[in-house]
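Take a look at the letters that make up each chain.
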Amino acid sequence: MTLLDAVLSLSEAPARDEALQRILRALARVSAADALSVLTAAEDGSVGVAAQIGLSPAALGMSFRPAEHPRLRRATQAAGPIRFLDPSEPDPYSGWLLGSPGEIHPIHACMAVPLHVQGRLAGLLTLDACDPHGLRGLRDEDARVFAGLCAGALRLDAGAVLLDAGPEARRAIGSASIGPAPASRSAGMLRIEREIAVLAPLSVPVLVTGETGVGKELVARALHERSPRASRALVIVNCAAIPAQLVESELFGHRRGAFTGATAARAGRFEAAHGGTIFLDEIGELPLSAQAQLLRALQEGEIQPVGEDRARRVDARVVAATNRDLRREVAEGRFRADLFHRLWVYPICVPPLRERREDIPALCERFAAGLAAELGAAGVGFTEPALGALAQGAWPGNVRELKNAVERAVLRRTIADGKSAAGRALVVRREDLDAIDGGAQERSLAPRIELPGERLRLADAPLEQPVELLAEALERARREAFARAFRAAGGNAATAGRLLGLSRSFAYKEAVRLGLIPPAGPRKR
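Treat the numbers as computed from the prediction; the structure is a model and nothing was measured.

Conventions used here
Residues numbered from 1 in each chain as written. Predicted model: local features only at pLDDT ≥ 70, side-chain atom pairs only at ≥ 80, totals over all residues. Heavy atoms only, no water. Helix = DSSP H or I, 4+ residues; strand = E, 2+ residues; numbered from the N terminus. Contact = heavy atoms within 4.5 Å. Areas by Shrake-Rupley, 256 points an atom, 1.4 Å probe, with all protein chains shown as cover. pLDDT = per-residue confidence, 0-100. Axes fitted to C-alpha atoms, helices over the stretch in contact; angles between N-to-C directions. Parallel < 35°, antiparallel > 145°, perpendicular 65-115°, else oblique. Left-handed = near helix turned anticlockwise from the far one by under 90°. Nonpolar A, V, L, I, M, F, W, Y, C, P; charged D, E, K, R; others polar. Buried < 20%, exposed > 50% of the residue type's maximum accessible area, 1.4 Å probe, protein only. Pairing = 2+ DSSP bridges. Phe/Tyr/Trp six-rings, centres within 6.5 Å; stacked < 30°, edge-to-face > 60°. Lys NZ or Arg CZ within 6 Å of the ring centre and 35° of its normal. Core = buried A, V, L, I, M, F, W, Y, C linked by side-chain atoms within 4.5 Å. Salt bridge = Lys/Arg side-chain N within 4 Å of Asp/Glu carboxyl O.

Asks: Hey, could you go over the overall build of the protein chain for me, with residue numbers and the actual values?
Replies: The helix and strand tally for the protein chain stands at 18 helices and 17 strands. Residue pairs at least 24 apart in sequence account for 67% of intrachain contacts in the protein chain once pairs closer than 6 positions are excluded. Accessible surface, the protein chain: about 25,200 Å² in total, of which carbon and sulfur atoms supply 53%.

In structure tokens:
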């Protein structure tokens, strides 16, 4: 069913990036690859990471110039799958594999497949396995199939860019539909639709604000896809996921030898977005040093890669997003006032879900349909009590929380029915839902708690705060503990490990995984 899963990913995923991610997950299940990625081609000849599994989160959106990387250059010129057997060729992903902070061992399995759309190069599919024989079981024919699915996702994407494509081809791609979002019925979202229609054709910076999970990235995508820049790249940067020491390098690039580990020149995210749009999510997390360069990019259209003396011209429209109160951040000295005013040209405030309950039924149906496609179900419906409870929820996590709640309910209904969902129509009931603020409470098999002098039923106890998933609570506590230890240790992994009661090696790897410290540069030979 893996190939079928990949095909359904192409037809059912609501957006290109999600389709690519699902295709890579399906490919990961049939190969022994430790890292997989899809790179999209830009008109300037560079290729940028659009989807990945097994790499550092900061790798998403990273751009390469094939002329500077022998393997990428050969892959872009190949007619089909190519396996790299020469260990002397450097791997562009050295230092970016999760769990491998240093340079990838030169003897490992590496493979790439060019992605072609209408006879032109649209990108690359890459696979890396630390085991030198890790990709032996993957046939070239199977790799071609998955590459064809990835190319199909790029073909349907409004932002796909083809090397050497003419104006007519780019206009045709730019007008392609990614798939309709559910029609908004609330006044707040209709207002945003009007704002997007006015702002999309312009090049002015836009700041998207709103609580976590409201869909700020969707607003940024809409601004890009309805703009004259739609045929060029949309580069998404999660500022909170980039280690502070690497922010300037990631955004603006660096020259070879600019710092320890910079074994090759690398273009930054702004250059990858040249002619298109760069979306700076969680911009409130940027350190002050990077904010100064960002201000120059906004005001002068210039960036200065780390280690270079000359500035470079770049044409990238900036859309930023934050769930912080930037006015307060400015007042407390954590955000530059001049950058704030440069971004605050026209803010778009996305309302929380509790202020647009009219949109909840359509969102529920969309999320349920997406999971139903993965399960092979004929469809998913909701009983009136279930839909009513969902519509009355407080949803402090907004659309993201609603999506998770709907998908959990669909899975619970599938398990409760005791048989496969394939080919069946599922109906979500009220008892399939979690406890929802404002509605009936979650049913629980836990015994009732009796306190001296009173009886307290769990079902009747109001929740002051929404219950956090145990895995999320543990991960948050883990991150906080490691952050405190590394601060107290001045960044020294051995000392932090002793404070935590862990080995230096484990403390270091976990801190890298959590994004608290940057991975080590490539080892010198």
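Asks: Please provide a residue-by-residue account of the confidence of the model for the protein chain, values included.
Replies: When pLDDT is averaged across the protein chain, the result is 79; 81% of the residues are at 70 or more. Confidence over residues 158-183 falls short of pLDDT 50; this stretch has 55 contacts with residues more than four positions distant or in other chains. When the criterion is pLDDT under 50, residues 439-464 qualifies, and its contacts beyond four places in sequence or with other chains add up to 20 contacts.

Asks: Which residues make up the packing of helix α13 (residues 360-375) against helix α15 (residues 398-417), and what values go with them?
Replies: Contact pair α13 / α15: the axes reach a minimum separation of 9 Å and the direction vectors enclose 50°. With respect to each other, α13 and α15 are oriented oblique. Between α13 and α15 lies a crossing whose hand is right-handed. Of the residues in α15, those in contact with Ile360, Leu363, Cys364, Phe367, Ala368, Leu371 and Leu375 of α13 are Val399, Leu402, Lys403, Val406, Glu407, Val410, Leu411 and Thr414. Taken together, the residues that form the contact of α13 with α15 break down as 12 nonpolar, 1 polar and 2 charged.

Asks: Got a sec to walk through the pairing of strand β6 (residues 120-129)? Specific residues and values, please.
Replies: Buried residues dominate β6, accounting for 9 of its 10 residues. Looking at chain direction, strand β1 (residues 35-41) and β6 are connected through 6 bridges and run antiparallel. Bridging across to β6, Leu36 finds its partner in Leu127. Relative to β6, strand β5 (residues 109-117) runs antiparallel, the two being bridged by 9 bridges. Looking across to β6, one finds that Pro114 is bridged to Leu124.

Asks: Account for the sheet that holds strand β3 (residues 63-64), with residues named and values stated.
Replies: Overall, antiparallel pairing links the 6 strands, which are arranged β3-β2-β1-β6-β5-β4 in an open sheet. Because the sheet does not close on itself, it has two edges, and the strands there are β3 and β4 (82-83). Direction of pairing for β1 relative to strand β2 (residues 47-53): antiparallel, over a ladder of 6 bridges. Counted as the bridge partner of Thr40 is Gly48 from β2. Here helix α2 (residues 16-30) sits on the sheet and contacts β1, β2 and β6; the angle it forms with β2, its principal contact strand, is near 55°. Where helix α3 (residues 70-77) meets the sheet, its contacts fall on β2, β3, β4, β5 and β6, and the angle it forms with β6 comes to roughly 130°.

Asks: Residues and numbers for unusual backbone geometry, please.
Replies: At Glu282, a residue that is not glycine, the phi angle is positive and equals roughly 55°. When you line up the elements, Glu282 lands in the loop between β9 (277-281) and α10 (288-300). You can call Glu282 partly exposed: its relative accessible area is 22%. Backbone geometry places Trp395, a non-glycine residue, at a positive phi of 50°. Position of Trp395 among the secondary structure elements: in the loop between α14 (384-391) and α15.

Asks: So what about the packing of aromatic side chains? Which residues, and what values?
Replies: This model, assessed by the stated rule, comprises 3 aromatic pairs. Ring plane angle 70° and centroid distance 5.8 Å describe the contact between Phe64 and Tyr93, whose orientation is recorded as edge-to-face. Within this pair, whereas Phe64 is found in strand β3, its partner Tyr93 is found in the loop between β4 and β5, the two being separated by 29 residues in sequence. For the pair Phe64 and Tyr93, a shared accessibility class is recorded, and that class is buried. Ring geometry for Phe252 versus Phe270: centroids 5.5 Å apart, planes at 25°, classification stacked. One end of the pair, Phe252, is in helix α8 (residues 247-252); the other, Phe270, is in helix α9 (residues 269-272), and 18 residues separate them in sequence. Assessed through its relative accessible area of 0%, Phe252 is described here as buried. Directly above the ring of Tyr508 sits Arg504, whose terminal nitrogen or CZ lies 5.7 Å from the centroid.

Asks: Quick rundown of the nonpolar core? Include the residues and the values.
Replies: If you look at the biggest cluster of nonpolar residues, it comprises 31 residues, and the most contacted ones within it are Phe270 and Leu280. Every element with two or more residues in this core is listed here: β8 (234-238), α8, α9, β9, α10, β12 (317-322) and α12 (337-343). The dominant element in this core, judged by the number of residues it contributes, is α10, at 5 residues. Among the nonpolar cores identified, the runner-up in size contains 30 residues, and Ile23, Leu24, Val38 and Leu149 belong to it.

Asks: How would you summarise the sheet that holds β8 if you had to cite specific residues and measurements?
Replies: Strand order in this open sheet of 5 strands is β8-β9-β12-β7-β13, and the pairing throughout is parallel. Only two strands of the sheet have a single neighbouring strand rather than two, namely β8 and β13 (347-349). Across the sheet, the mean angle from the axis of one strand to that of its neighbour is 20°, orientation sign disregarded. As paired elements, strand β7 (residues 206-209) and β12 share 4 bridges and run parallel to each other. Among the inter-strand pairings, Thr209 is bridged to a residue of β12, identified as Thr322. Sheet strands touched by helix α6 (residues 187-199): β7, β12 and β13. Its angle to β13, the strand with the most contacts, is close to 155°. Along the sheet, helix α7 (residues 216-225) makes contact with β7, β8, β9, β12 and β13, crossing β12 at roughly 165°.

Asks: How would you summarise the environment of Leu514 if you had to cite specific residues and measurements?
Replies: Within the secondary structure, Leu514 sits in the segment after α18 (504-513). Judged by relative accessible area, Leu514 falls into the buried class, the value being 4%. For Leu514, the residues in contact, after removing those within four places along its chain, are Glu475, Arg478, Arg479 and Phe482.

Asks: Any chance you could break down the pattern of salt bridges for me, citing the residues and the numbers?
Replies: All chains considered together, the criterion is met by 28 salt bridges. The salt bridge involving Glu195 is made with Arg191; its shortest N-O contact spans 3.2 Å. Of this pair, Glu195 and Arg191 both sit in helix α6, 4 residues apart, roughly one helical turn. A cluster of three or more residues bridged by salt bridges with shared partners is formed by Glu285, Arg324, Glu329, Glu332 and Arg334.

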